[in-house]
Amino acid sequence: MAPFATPPQPQSQTARDTLKQRYESLLAAKGKTDANTLTNGFLRAILEFALREAASDIHFDPLGEMFRLRFRIDGNLKDKLTFSNKDFFVTSQLRVMAGFAPQAATAYTPEDGGFEVVIGERPVRFRVSAFPSIHGDKLVLRILDMGLNTLMLEHLGFAPDVLAQVQSAIKSPSGIFFVCGVTGGGKSTTLCSILKALTRPEISIMTLEDPVEYMLPGVTQSKISPKAGFNFADGLRSILRQDPNIIMVGEIRDRETAEIAIRAALTGQLIFTTIHTTSSVGVITRLVNIGIEPFLVSSSTVGVVAQRLIRRVCPECAQPADPDSQTINRIVARSGSAVKAVLTSSERKFVKAAGCPACNGSGYRGRIGVFELLLLNNELKALIDAKACTADLRKAAIKSGMRTMMMDGITKARAGLTTLDEVLSAVSE
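For clarity, every value in this text was computed on a predicted model and none was experimentally measured. (Residues numbered from 1 in each chain as written. Predicted model: local features only at pLDDT ≥ 70, side-chain atom pairs only at ≥ 80, totals over all residues. Heavy atoms only, no water.)

Teacher, can you tell me more about the nonpolar core here?
If you look at the biggest cluster of nonpolar residues, it comprises 57 residues, and the most contacted ones within it are Phe 178, Ile 271, Leu 287, Leu 343, Leu 374 and Ile 410. No other element matches the 6 residues that helix 8 (residues 255-266) contributes to this core. Setting aside residues up to four positions removed in sequence, Ile 271 forms contacts with Gly 175, Ile 176, Phe 177, Ile 247, Val 249, Ala 261, Ala 264 and Ala 265. (Core = buried A, V, L, I, M, F, W, Y, C linked by side-chain atoms within 4.5 Å. Buried < 20%, exposed > 50% of the residue type's maximum accessible area, 1.4 Å probe, protein only. Helix = DSSP H or I, 4+ residues; strand = E, 2+ residues; numbered from the N terminus. Contact = heavy atoms within 4.5 Å.)

Which parts of the structure should I look at to understand the environment of Ile 310?
Along the chain, Ile 310 falls in strand 12 (residues 301-313). Looking at Ile 310, the relative accessible area reads 0%, which means it is buried. Each C-alpha atom of the pair Ile 310 and Val 427 lies 8.6 Å from the other, and the pair is 117 residues apart in sequence. Setting aside residues up to four positions removed in sequence, Ile 310 forms contacts with Gly 366, Arg 367, Ile 368, Val 370, Thr 418, Glu 422, Val 423, Ala 426 and Val 427.

Would you mind going over the pairing of strand 5 (residues 122-133) with me for this structure?
Regular strands show a simple pattern: their side chains alternate between the two faces of the sheet. Note that strand 4 (residues 111-119) and strand 5 share 9 bridges and pair antiparallel. For Gly 113, the partnering residue across the bridge sits in strand 5 and is Val 128. From the end of strand 4 to the start of strand 5, which pair antiparallel, there are 2 residues, and Gly 120 there has a positive phi angle of about 60°. Relative to strand 6 (residues 136-145), strand 5 runs antiparallel, the two being bridged by 10 bridges. When the sheet's bridge partners are listed, Arg 125 is paired in strand 6 with Leu 144. Counted along the chain from strand 5 to the antiparallel partner strand 6, the turn is 2 residues long. (Pairing = 2+ DSSP bridges.)

I keep staring at the packing of helix 2 (residues 19-28) against helix 3 (residues 35-52) and nothing clicks. Help me out?
The relative placement of two packed helices is expressed as an angle between their axes plus a distance between the axes. Where helix 2 contacts helix 3, the axes come no closer than 10 Å and their chain directions differ by 175°. Of the possible angle classes, the one that applies to helix 2 and helix 3 is roughly antiparallel. Contacts from Leu 19, Arg 22, Tyr 23 and Leu 26 of helix 2 reach helix 3 at Leu 38, Gly 41, Phe 42, Ala 45, Ile 46, Glu 48, Phe 49 and Arg 52. The residue inventory of the contact of helix 2 with helix 3, partitioned by class, reads 8 nonpolar, 1 polar and 3 charged. (Axes fitted to C-alpha atoms, helices over the stretch in contact; angles between N-to-C directions. Parallel < 35°, antiparallel > 145°, perpendicular 65-115°, else oblique. Nonpolar A, V, L, I, M, F, W, Y, C, P; charged D, E, K, R; others polar.)

What should I look at first to understand the side chain of Thr 207 in this one?
Residue position: Thr 207 is located in strand 8 (residues 205-209). Here Thr 207 falls in the buried class, since its relative accessible area comes to 1%. Here Thr 207 is in contact with Leu 195, Val 219, Thr 220, Gln 221, Ser 222, Ile 239 and Met 248, once residues within four sequence places are set aside.

Explain the packing of aromatic side chains to me, please; I cannot follow it from the model alone.
Aromatic rings considered in pairs are described by the distance between their centres and by the relative angle of their planes. This structure, assessed with the given rule, holds 8 aromatic pairs. Seen from their ring centres, Tyr 23 and Phe 42 are 5.4 Å apart, and the 45° between their planes marks the pair as tilted. Remark: Phe 42 occurs in helix 3 and Tyr 23 occurs in helix 2; sequence separation between them is 19 residues. On the basis of relative accessible area, Tyr 23 is assigned to the buried category, the value being 10%. For Phe 42, a relative accessible area of 0% puts it in the buried group. Judged by centre distance (5.9 Å) and plane angle (55°), the ring pair of Phe 177 and Phe 272 falls under tilted. With Phe 177 in strand 7 (residues 175-181) and Phe 272 in strand 11 (residues 270-275), this residue pair connects regions lying 95 residues apart in the sequence. Summarising the burial analysis for this pair, Phe 177 and Phe 272 share the class buried. Put simply, the rings of Tyr 23, Phe 42, Phe 67, Phe 83 and Phe 88 touch in pairs and so form one group of aromatic residues. Positioned above the aromatic ring of Phe 49, the side-chain terminus of Arg 52 is 4.3 Å from the ring centre. If you follow Arg 311 out to its NZ or CZ, it ends over the ring of Tyr 364, 4.0 Å from the centre. (Phe/Tyr/Trp six-rings, centres within 6.5 Å; stacked < 30°, edge-to-face > 60°. Lys NZ or Arg CZ within 6 Å of the ring centre and 35° of its normal.)

Any chance you could explain the sheet that holds strand 6 here in plain terms?
In any sheet, the strands associate via hydrogen bonds between backbone groups, in a parallel or an antiparallel arrangement. As summarised here, the arrangement of the 6 strands in space is 3-2-1-6-5-4, forming an open sheet in which the pairing is antiparallel. Edge strands, defined here as strands with exactly one partner in the open sheet, are strand 3 (76-84) and strand 4. Averaged over all pairs of adjacent strands, the angle between their axes in this sheet comes to 20°, without regard to strand direction. Seen against the sheet, helix 3 touches strand 1 (55-63), strand 2 (66-73), strand 3, strand 4, strand 5 and strand 6 and runs at an angle of roughly 80° to strand 4. Against the sheet, helix 4 (residues 90-97) makes contact with strand 1, strand 2, strand 3, strand 4, strand 5 and strand 6, and its axis sits at roughly 50° relative to strand 6, the strand it touches most.

Teacher, can you tell me more about the layout of surface pockets here?
Space inside the second largest pocket adds up to approximately 300 Å³. Going through the elements one at a time, helix 4, strand 5 and strand 6 are the ones with two or more residues in the lining of the second largest pocket. For the lining of the second largest pocket, the leading source of residues is helix 4, giving 3 residues. In terms of residue class, the lining of the second largest pocket is built from 8 nonpolar, 9 polar and 4 charged. (1 Å grid on protein atoms, 1.4 Å probe; cavity = no way out; pocket = protein on both sides within 12 Å on 5 of 7 lines; lining within 4 Å. Points joined across faces, edges and corners; volume = space filled by probe spheres on them.)

Honestly, the sheet that holds strand 10 (residues 246-249) in this entry has me stumped. Any pointers?
The strand order 9-8-10-11-7-12-15 describes an open sheet built from 7 strands, whose pairing is mixed. Strand pairing shows two members of the sheet lacking a second neighbour, strand 9 (220-223) and strand 15 (364-374), which therefore form its edges. For this sheet the average axis-to-axis angle between neighbouring strands, irrespective of direction, equals 20°. With 9 bridges connecting them, strand 12 and strand 15 associate as antiparallel partners. From the neighbouring strand, Arg 308 faces strand 15, where its bridge partner is Val 370.

Given below as structure tokens:
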């Protein structure tokens, strides 16, 4: 990775200006300052402003000779700039920083890489994805801010009682703990937070990831490479010969990987992994559907966390707004009568998003997780062994005390952390 050059304007100014002003100032310096320095200064400005605005991703969209720059903030893409690649050779520089060749190959070949920089004394890692389009490479940078307390279970949004249950479950001597949810729902962050909480000198932790997002001290991490014949199943077989205590498998995608993981869990390893389902009980159904015997699922599963990310309401402009009777009836019809007590509680602090300069008019700043934790008791294990349907498993799980994602979201809305509109748009029962 080439180091960033210092932008030509004073630090006191850069603390106050906007990204557009910084861009225009750099553009005005063309011909007076080295092109390399200008490009590095522009890239530095983009990364700094992305961090300042708490973006999760930076999009460079090719539009012929122009590029459109967008930040994904709280799940939504926001236009920031349109610039010419002739003014700043951003594509070539980012490709070099990510470990690619300066120019894309003539064949249409997607590429993945990354780089790390220190911004404001914070180490920040950027995962880079290049995708060939008819106008050139579309580049997307995923921001993995190693200087934030993102990898702390206590900071993800678990309710105190659920957090205590998760902390107890992940200390099991063996078994499988699943994290499930939609793409972009924070599964990798939860898994890495768990590993960070468990890391200590006397145990061996190894991972198989696609790709490696967070660098975890004290953990042996590896990236699968299907083109080289190194997939999750083969990697897991090899890891089992390395005498690990804890293994993290990025994703269960097929029966072969699932069988190896379950066999390892039943013979003494503690496995953490993700699987693409939208609910906690859906994990059980998914495993059975891909060919895993129900009794193996029930005997190996330690717990399942299902999760989504929802936007936090902006504390600067949030306004009190209790739900009206029509909204309450709509939520009860969708989620059951159990939510009515939460919606009408005397301790409620429901709010609505108004919008202000602090949140760029959106009414929201930052995101928080909503979760449901499934822990298997004897009744649930018996239902799994009997091949019960998803609906029956879910009903039994709720009866045994599982708080659904919808209930968790409504509880967070009652506490004024988010809005009911945000919960209803992001979570479905």
